[in-house]
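Structural overview
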Amino acid sequence: MARKRPEPVQVVKQRRDAALNAIVDGVPYIRFMDFSFDRRGDELTGVLNYDEKLIGNPILPALHGGVTAAFLEVTAVITLSWEYFLPSIESGELDAEQIARDETIRFPKTVDFTVDYLRSGLPRDAYARAIISRSGRRYASVRVEAWQDNHARPFAQATGHFLMPQPKTMDS
């Protein structure tokens, strides 16, 4: 049996980037809020691109708490989805076009999400990174931190629990 040659690094990188873009672009709310994701290897960082519409308190000024919570939750869901789909993306079993068009592909669903506001979010770009504490076949726990200028000084953090997508069966 012939051995399968490893794919060039550039091909793998392009496949990963296309798949991540398909996951992110498939959610209209993410586009509306102008959230984006920076991928370095298999690690994702959410980016909240600053816009004046995101200000909740113009006197301070400070980012709206709902924007902060949404940014944290979206970062958690996208990171969890990325980890869930990555083995299929790596193997070539799943590609960006399938993610974008296949309506049978399911994403994690939020069960609960708790946000701790540590300080005011300033009127500038913000970043977030999610850490998956536990991910099983049915359930996942995720922690997320958001920061602006200094990763060691988060302005918000959150924990969430999610139902993982279940494969479609003949009954469902």
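Here the structure is shown first, and the text comes after it.
Anyway, here's the lowdown on the structure attached to this text. (Residues numbered from 1 in each chain as written. Predicted model: local features only at pLDDT ≥ 70, side-chain atom pairs only at ≥ 80, totals over all residues. Heavy atoms only, no water.)

Quick look at helix 1 (residues 9-25)
The end-to-end C-alpha separation of helix 1 is 24 Å, in line with the 24 Å expected for 17 residues at 1.5 Å each. Every buried residue of helix 1 is accounted for by Arg15, Arg16, Ala19, Leu20, Ala22, Ile23 and Val24. Buried residues along helix 1 sit against helix 2 (28-33), strand 1 (35-40), strand 2 (43-48), helix 3 (65-91) and helix 4 (96-101). (Helix = DSSP H or I, 4+ residues; strand = E, 2+ residues; numbered from the N terminus. Expected span 1.5 Å × (residues − 1). Buried < 20%, exposed > 50% of the residue type's maximum accessible area, 1.4 Å probe, protein only. Contact = heavy atoms within 4.5 Å.)

Here's the deal with a nonpolar patch on the surface
A surface patch of nonpolar side chains, amounting to about 290 Å² of accessible area, comprises Val27, Tyr29 and Phe32. Among the structural elements, Tyr29 can be located in helix 2. (Patch = residues over 30% accessible without salt bridge, like charges linked within 9 Å, V, L, I, M, F, W, Y side chains within 5 Å. Areas by Shrake-Rupley, 256 points an atom, 1.4 Å probe, with all protein chains shown as cover. Salt bridge = Lys/Arg side-chain N within 4 Å of Asp/Glu carboxyl O.)

Observations regarding a negative patch on the surface
A surface patch of like charges, here negative, comprises Asp34, Asp51, Glu52 and Asp125. Turning to its location among the elements, Asp51 is positioned in the loop between strand 2 and strand 3 (55-57). (Lys, Arg positive; Asp, Glu negative; His and termini not counted. Charge placed at Lys NZ, Arg CZ, Asp CG, Glu CD.)

Let's talk about the environment of Asp149
One can find Asp149 in the loop between strand 7 (139-147) and strand 8 (156-163). On a C-alpha basis, the gap between Asp149 and Leu122 in space is 9.6 Å, while along the polypeptide they are 27 residues apart. Within the structure, the side chain of Asp149 is placed 2.5 Å from the side chain of Arg124, a separation counted as a polar contact. (Polar contact = N/O pair within 3.5 Å; in protein donor to acceptor, adjacent residues only side chain to side chain.)

Points about the sheet that holds strand 6 (residues 126-135)
Taken in spatial order, the 6 strands make up an open sheet running 1-2-6-7-8-5, and their pairing is antiparallel. Strand pairing shows two members of the sheet lacking a second neighbour, strand 1 and strand 5 (109-117), which therefore form its edges. Strand-to-strand twist of the sheet, defined as the mean angle between neighbouring strand axes without regard to direction, takes the value 25 degrees. Along the sheet, helix 1 makes contact with strand 1 and strand 2, crossing strand 1 at roughly 160 degrees. Sitting on the sheet, helix 3 touches strand 1, strand 2, strand 5, strand 6, strand 7 and strand 8, and the angle it makes with strand 6 is about 50 degrees. (Pairing = 2+ DSSP bridges. Axes fitted to C-alpha atoms, helices over the stretch in contact; angles between N-to-C directions.)

What about the pairing of strand 8?
Covered by surrounding structure in strand 8 are Ala156, Ala158, Gly160 and Phe162 only, the residues Gln157, Thr159, His161 and Leu163 on the alternate face being uncovered. Examined bridge by bridge, strand 5 and strand 8 share 8 bridges and lie antiparallel to one another. By the bridge assignment, Asp116 is partnered in strand 8 with Gln157. The sheet contact formed by strand 7 and strand 8 spans 8 bridges and is antiparallel.

Some points on the packing of aromatic side chains
Scanning the model with the defined rule gives 6 aromatic pairs in all. Ring centres of Tyr84 and Phe85 lie 5.2 Å apart, and the angle between their planes is 70 degrees; on these two criteria the pair is classed as edge-to-face. On the basis of an interplanar angle of 35 degrees and a centroid distance of 6.1 Å, the ring pair of Tyr127 and Trp147 is categorised as tilted. Of this pair, Tyr127 sits in strand 6 while Trp147 sits in strand 7; the two residues are 20 residues apart in sequence, bridging distant segments of the chain. (Phe/Tyr/Trp six-rings, centres within 6.5 Å; stacked < 30°, edge-to-face > 60°.)

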